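Listed below, chain by chain, are the residues.
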Amino acid sequence: MIKLEGVTKQYGNLKAVDNLDLQISAGVFFGLLGPNGAGKTTLIRMLIGLAKPSSGKVYIGNMEVERNNNKQKSMIGIVPQHTNLDKELTVRENLIFCGKLHRIPPEERKKRIDKLLDFIDLKEGEHRLSQKLSGGMQRKLMIAKALINDPEILFLDEPTVGIDLNARRNIWDILKAMKDRGKTIIMTTHYIEEAEYLCDRVALMNEGKIFFCDTPENLRKQLGNYTLEYFNQDKKTEYLYYKAIEEAKDFAAGLDTDFTIRETTLEDVFYNFTNRKVM
Ligand SMILES: Nc1ncnc2c1ncn2[C@@H]1O[C@H](COP(=O)(O)OP(=O)(O)O)[C@@H](O)[C@H]1O
Ligand SMILES: [Mg+2]
């Protein structure tokens, strides 16, 4: 469904995205996980045709991505990192405006908007100005906007940054429902638990490169399913990874400091390969 071949995006001396090859199949919930500055937004912008690669090729469907290709535009929905709501308009008006941009005829438009308002649970607030909505509601409205053209592929750039825990869970449910409907979803995040909970495949990204790409389970397995954390003699936390919990316990038995044994997370995987925490 999506393919990148040797894609680089260079800003001056900086390679924001560095010679990436990547393939994402239809129906997959794909996560790009990495710290701020990793190149996630730049990659998304090239996928949706808003930025041109310095070199390499990007394909959606079997077509090379172009900025103003209407066929491609009709295939994708975008939830950008920063708000794209018209603050002076109500919830419903935002959706009407967006439907008009997609040239959806009035009757069909109304049908879709009613459905979407139900789906994101904003029916009651439909006449509120979007600037009066909570952060979580604004995000949901942005998702509804992205869905107005019933796209096959949904791009979400850090969809739950800066919103409270309940709203985040609520958005997770919405995204899971989208996946169940067979949509291909590409989401960036720097929240480990978000990638772990939602994604079929996760690409770990740092400094413009993807250094691992697999299912969350395989990523953890590769490192070792169990993590032993202890304070070493220099009062620094040491991390060791084990396939079996017994091996971890055996090692810990010889320690004379405090330790914990726990299941390995994607954060451990990331930390181990970059020595840099995602958050
Ligand atoms: N338009 C731009 N001009 C110059 N540098 C940019 C531009 N966009 C992004 N960058 C740089 O590219 C790197 C990756 O940025 P970005 O893709 O926004 O990362 P992320 O979304 O993972 O936080 C950063 O170092 C950022 O400062
Ligand atoms: Mg970003």
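Bear in mind the structure is a predicted one, so any value in this text is a computation, not a measurement.

Caption draft 1: Geometry of the sheet that holds strand 12 (residues 237–242). The sheet built from 3 strands is open, its strands ordered 12-11-13 with antiparallel pairing. The open sheet has two edge strands, strand 12 and strand 13 (259–263), and neither has a second partner. On average, each strand axis in the sheet is tilted by 20° relative to the strand beside it, whichever way the strands run. Two elements, strand 11 (residues 226–231) and strand 12, share 6 bridges in a ladder whose sense is antiparallel. Looking at the pairing, Phe-231 lines up with Thr-237 of strand 12.

Caption draft 2: View of the domain arrangement of the protein chain. By domain assignment, the protein chain separates into domain 1 (2–218) and domain 2 (219–274). Placing the centre of domain 1 and that of domain 2 at their C-alpha centroids yields a distance of 35 Å. Across the contact, 17 residues belong to domain 1 and 11 residues belong to domain 2. The largest contributions to the domain 1 side of the interface with domain 2 come from Ile-192, Phe-212 and Asn-218, which together make up 37% of the buried area. Connecting domain 1 to domain 2 are 2 salt bridges. The partner of Glu-196 in a salt bridge is Arg-220, with the nearest N and O atoms 2.4 Å apart. The interface formed by domain 1 and domain 2 holds 11 residue pairs in polar contact (both at pLDDT 80 or more) in total. For the side of domain 1 that touches domain 2, the elements supplying multiple residues, two or more each, are helix 7 (192–198), strand 9 (201–206), strand 10 (209–214) and helix 8 (216–223). Residue contributions to the side of domain 1 that touches domain 2 peak at 4 residues, all from strand 9. Class assignment for the residues of the side of domain 1 that touches domain 2 results in 10 nonpolar, 4 polar and 3 charged.

Caption draft 3: Just the pattern of salt bridges, in detail. Inspection of every chain in the model, using the stated rule, returns 15 salt bridges. Ionic pairing is found between Glu-5 and Lys-3, a salt bridge with its closest N-O pair at 3.5 Å. For Glu-5, a relative accessible area of 34% translates into the label partly exposed. Across the pair Glu-217 and Lys-221 runs a salt bridge, and its minimum N-O distance is 4.0 Å. Of the two residues, Glu-217 and Lys-221 both sit in helix 8, 4 residues apart, roughly one turn of that helix. Assessed through its relative accessible area of 47%, Glu-217 is described here as partly exposed. Taking the relative accessible area as the measure of exposure, Lys-221 reaches 42% and is therefore partly exposed. A single salt-bridge network, built from bridges that share partners, covers Arg-92, Lys-110, Asp-114, Lys-123 and Glu-126.

Caption draft 4: Just the coordination of the magnesium ion (ligand 2), in detail. Coordination sphere of the magnesium ion (ligand 2), protein contribution only: Thr-41 (OG1) and Gln-81 (OE1), at 2.0 to 2.4 Å. With a gap of 40 residues between them, Thr-41 in helix 1 (residues 40–47) and Gln-81 in the loop between strand 6 (76–79) and helix 3 (91–101) connect regions that are remote in the sequence. The exposure class assigned to Thr-41 is partly exposed, which follows from its relative accessible area of 27%. Among the residues examined, Gln-81 registers a relative accessible area of 25% and is labelled partly exposed.

Caption draft 5: Broad picture of the sheet that holds strand 1 (residues 2–11). An order of 2-1-4-5 is seen for the 4 strands of this open sheet, with the pairing classed as antiparallel. Either end of the sheet is taken by a strand with one partner, and the two such strands are strand 2 (14–24) and strand 5 (63–64). The strands touched by helix 1 are strand 1, strand 2 and strand 4 (55–60); relative to strand 1, the strand with the most contacts, the crossing angle is about 120°.

Caption draft 6: Local environment of the side chain of Lys-9. By secondary structure assignment, the location of Lys-9 is in strand 1. Put simply, Lys-9 is tucked away with no salt bridge, and the nearest opposite charge, on Glu-64, sits 13 Å away. When residues no more than four places from it in sequence are discounted, the contact partners of Lys-9 are Leu-14, Lys-15, Ala-16, Val-17, Thr-42, Met-46, Ala-51, Lys-52, Pro-53 and Ser-54.

Caption draft 7: Structural view of helix 1. Counting buried positions along helix 1 yields 6 of 8 residues, so the element is predominantly enclosed. Where helix 1 terminates, the next one or two residues include Gly-49, which has phi positive at roughly 85°.

The rules behind each value
Positions within a chain are numbered from 1, following the residues in the order the chain's sequence is written. Chains carry letters from A onward and ligands carry numbers from 1 onward, assigned in written order. Where totals are concerned, whole chains, interfaces and linings use all residues; where local detail is concerned, this predicted model gives features only for residues with pLDDT of at least 70, and gives and counts side-chain atom pairs only at 80 or more. Calculation of side-chain values draws on the structure's entire complement of heavy atoms; hydrogens and water are dropped beforehand. What makes two strands pair is DSSP finding at least two bridges between them. Secondary structure elements follow DSSP: runs of H or I of four or more residues count as helices, runs of E of two or more count as strands, with numbering from the N terminus. Between N-to-C directions, angles span 0 to 180 degrees; the directions come from axes that are lines fitted to C-alpha atoms, helices contributing only their stretch in contact. Here the bounds of each domain stem from an automatic or database domain assignment. In this analysis, two residues are considered to be in contact whenever any of their non-hydrogen atoms come within 4.5 Å of each other. Using a 1.4 Å probe, buried area is obtained as the accessible area two parts lose upon being combined, added over both of them. Definition used for salt bridges: Asp or Glu carboxyl oxygen within 4 Å of a side-chain nitrogen of Lys or Arg. A 3.5 Å cut-off defines polar contacts: any pair of N or O atoms within that distance qualifies, except that in protein one atom must be a possible hydrogen donor and the other a possible acceptor, and neighbouring residues in sequence count only when both atoms are side-chain atoms. Residue polarity follows a fixed list, in which Ala, Val, Leu, Ile, Met, Phe, Trp, Tyr, Cys and Pro are nonpolar, Asp, Glu, Lys and Arg are charged, and the others, Gly among them, are polar. Classification of residues uses two cut-offs on accessible area relative to the type maximum, computed with a 1.4 Å probe and protein chains only: under 20% is buried, over 50% is exposed, and between them is partly exposed. Each metal site lists N, O and S donors within 2.8 Å (3.2 Å for Na, K and Ca). With water left out of the atoms, a site can look as if it is missing ligands. The charge count treats Lys and Arg as positive and Asp and Glu as negative. His and the chain ends do not count.

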